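Chain by chain, the residues run as shown.
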Amino acid sequence: MKTILEVQNLCKNYEDTKVLNNINFKVDEGEFIAIMGQSGSGKSTLLYSISGMDRPTKGNVLLSGKDISNLEDEKMAEVRLNKMGFIFQNSHLLKNLSIRDNIVLPGFKSAKLLRDEINQHADKLMEKTGITSVATHDIKKVSGGQLQRAAICRALVNQPDILFGDEPTGSLNSSTTKEVMDIINAINREGTTVMIVTHDVKVATRAGRVIFLLDGNIHDELLLGKYNEDENKSSSREKRLFEWLEKQGF
Ligand SMILES: Nc1ncnc2c1ncn2[C@@H]1O[C@H](COP(=O)(O)OP(=O)(O)OP(=O)(O)O)[C@@H](O)[C@H]1O
Ligand SMILES: [Mg+2]
């Protein structure tokens, strides 16, 4: 397996506070990683330090073998736009644009695909996530689940190598969470590497590997193997995760 992401000796301080403390791990292409841990353990900071939204205090981040930890802001923004997709707890869509315009916008900003390709890709993504019928709607007139699906489409419009999520289902009810996670699993099966922070055990069972952060350190990790719906029905996967989390003191 090819390594897509390598984090080496990553440290992040906010003034005198050490938030991340020498983090090391590798992610293979096509993996689905969930990051769990108590509130304040550094999960969001880790995600932001990896993806260049924030800068590490020390250490290196290699994306497809290329060190991105010291890129100039403009270059970093380019890497983020072209190679990374992001979903957050709230959709962060722009209020004065339709769902469709929100989705194509990062595509038009990037020079990665032609306009026609972006439009086609956006249409396909909306179809796949079931929001075609609200494509022209104002974002104030759609449901939370539809907004989050649109956020997923927007994150994927530039065909990123890796999709990051910081509690992407944190504002959704359990049935919408399931629908959104089905979409994320499908995207992952098609080859996009996924890394999401979550507090939700059900969400974490969708990952192939779960990393547990404690006080800015990787405390342990659990290898669950690729998710498939049928296996999950037996709930053995969830049981393993629960037992492991208990061991972590979660
Ligand atoms: N910009 C900042 N300036 C100063 N301290 C910060 C900043 N961002 C985060 N911190 C601190 O870093 C620690 C880790 O924060 P982080 O947001 O990464 O935690 P988290 O694991 O994502 O928590 P949660 O589950 O509540 O989202 C916390 O103690 C937080 O107060
Ligand atoms: Mg957080």
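These lines cover the structure that appears in this document, whether it is placed above or below. (Residues numbered from 1 in each chain as written. Chains lettered and ligands numbered in written order. Predicted model: local features only at pLDDT ≥ 70, side-chain atom pairs only at ≥ 80, totals over all residues. Heavy atoms only, no water.)

Examining the site of ligand 1
Thinking step 1. The environment of ligand 1 is made up of Y14, V19, Q38, S39, G40, S41, G42, K43, S44, T45, E167 and H199.
Thinking step 2. In this structure, an oxygen atom belonging to ligand 1 sits 3.2 Å away from a side-chain N or O atom of H199.
Thinking step 3. Coverage of ligand 1 by the protein amounts to 56% of the 640 Å² it exposes when considered alone.
Thinking step 4. Looking at side-chain class alone, the shell around ligand 1 contains 2 nonpolar, 8 polar and 2 charged residues. (Near = heavy atom within 4 Å. Polar contact = N/O pair within 3.5 Å; in protein donor to acceptor, adjacent residues only side chain to side chain. Areas by Shrake-Rupley, 256 points an atom, 1.4 Å probe, with all protein chains shown as cover. Nonpolar A, V, L, I, M, F, W, Y, C, P; charged D, E, K, R; others polar.)

Considering helix α2 (residues 73–83)
Structurally, the α-helix is built with 3.6 residues per turn, so residues lying three or four positions apart point the same way.
Thinking step 1. Buried within α2 we find M76, V79 and N82. What you see down the axis of α2 is that its buried residues fit within an arc of 140°, all on one side. Exposed positions of α2 whose direction lies more than 90 degrees from the buried face are D73 and E74. (Buried < 20%, exposed > 50% of the residue type's maximum accessible area, 1.4 Å probe, protein only. Helix = DSSP H or I, 4+ residues; strand = E, 2+ residues; numbered from the N terminus. Arc of directions from axis to C-beta.)

Points about the side chain of S51
Thinking step 1. Within the element layout of this structure, S51 appears in helix α1 (residues 43–51).
Thinking step 2. Leaving out residues up to four positions away in the same chain, S51 has contacts with M76, R80, M84, F86 and F164. (Contact = heavy atoms within 4.5 Å.)

Structural notes on the pairing of strand β8 (residues 193–197)
Along a regular strand, successive side chains alternate from one face of the sheet to the other.
Thinking step 1. Counting buried positions along β8 yields 5 of 5 residues, so the element is predominantly enclosed.
Thinking step 2. Pairing analysis gives 4 bridges linking strand β3 (residues 32–37) to β8, with the strands arranged parallel. Its bridge partner being in β8, F32 is matched across the sheet by V194.
Thinking step 3. As paired elements, strand β7 (residues 162–166) and β8 share 5 bridges and run parallel to each other. Of the residues in β8, the one forming a bridge with G165 is I196.
Thinking step 4. Following the backbone out of β7, through helix α6 (residues 174–189) and into the adjacent parallel β8, one traces a crossover that is right-handed. (Pairing = 2+ DSSP bridges. Right-handed = clockwise from strand over helix to strand, strands pointing away.)

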